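Observations on the three-dimensional arrangement
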Amino acid sequence: MVFAVFIFTSYHDLMTTLSSVFGVFVVVGIIWELYKSNLHAFKISGLFCILLLGINNYIYYTEHLIKHLPLIQKITFAIVLTWIMGLNYNIYINSNLYSTSK
């Protein structure tokens, strides 16, 4: 969230780069932990999220198909947010199952 403050300043390009790098680290870290579990759908969809983030960065830095970037960013945001919410919901449900069965 600290990066978001600087998006509307002259540091826009630097902030988008830093946000992208740290965002990919977070998603890779989540997927790394998922590989220890049986949540196969979240593993595959997490890789898809990384692919979408990569496409966003490719378009942003190469300016190839740049006119489509706003739409692609919104689609990516919705998919990544849905992935994170679904993962949190699944973990919440599973943790409640374990706590009530004891």
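Since this is a predicted model, take the numbers as computed values, not measurements.

What follows concerns the overall build of the protein chain. Helix and strand counts for the protein chain stand at four helices and zero strands. Ordering the α and β elements of the protein chain from the N terminus gives α-α-α-α. The globule rule puts the C-alpha radius of gyration for 102 residues at 13 Å, and the 16 Å found for the protein chain is more than 25% above it. Taking the principal axes of its C-alpha atoms as reference, the protein chain extends roughly 55 × 25 × 20 Å. Of the contacts formed within the protein chain by residues at least 6 apart in sequence, a portion of 48% connects residues at least 24 apart. Only carbon and sulfur atoms are counted for the fraction: they give 74% of the accessible area of the protein chain, which is about 7700 Å².

Take the packing of aromatic side chains next. For the structure on display, the rule yields one aromatic pair. Consider the rings of Y60 and Y61, whose centres lie 4.8 Å apart with planes at 85°: the pair is edge-to-face. Owing to a relative accessible area of 43%, Y61 belongs among the partly exposed residues under this scheme.

Let's shift gears to the confidence of the model for the protein chain. Scored by pLDDT, the protein chain has a mean of 87; 91% of the residues are at 70 or more. Within the protein chain, helix α3 (residues 40–62) carries the highest mean pLDDT (91), whereas helix α1 (residues 2–5) carries the lowest (72).

Here A41 is to be found in helix α3. Take A41: its relative accessible area is 59%, and that puts it in the exposed class. Separated by 46 residues in the primary sequence, A41 and L87 have C-alpha atoms spaced 9.9 Å apart.

This paragraph deals with the environment of L51. Inspection of the secondary structure puts L51 in helix α3. Note on L51: relative accessible area 49%, which makes it partly exposed. Remark: the alpha-carbon pair of L51 and V24, spanning 27 residues in sequence, is separated by 10.0 Å.

This brings us to the side chain of T16. You can see T16 is positioned in helix α2 (residues 12–34). Judged by relative accessible area, which is 16%, T16 ranks as buried.

The backbone of E63 sits at a positive phi, close to 60°, despite the residue not being glycine. Within the fold, E63 resides in the loop between α3 and α4 (69–100). Notably, L65 is not glycine yet its phi reads approximately 60°, a positive angle. Residue classification places L65 among the partly exposed positions, given a relative accessible area of 47%.

What counts and how
- Residues numbered from 1 in each chain as written.
- Predicted model: local features only at pLDDT ≥ 70, side-chain atom pairs only at ≥ 80, totals over all residues.
- Heavy atoms only, no water.
- Helix = DSSP H or I, 4+ residues; strand = E, 2+ residues; numbered from the N terminus.
- Rg over C-alpha atoms; globule rule 2.2 N^0.38 Å.
- Contact = heavy atoms within 4.5 Å.
- Areas by Shrake-Rupley, 256 points an atom, 1.4 Å probe, with all protein chains shown as cover.
- Phe/Tyr/Trp six-rings, centres within 6.5 Å; stacked < 30°, edge-to-face > 60°.
- Buried < 20%, exposed > 50% of the residue type's maximum accessible area, 1.4 Å probe, protein only.
- pLDDT = per-residue confidence, 0-100.

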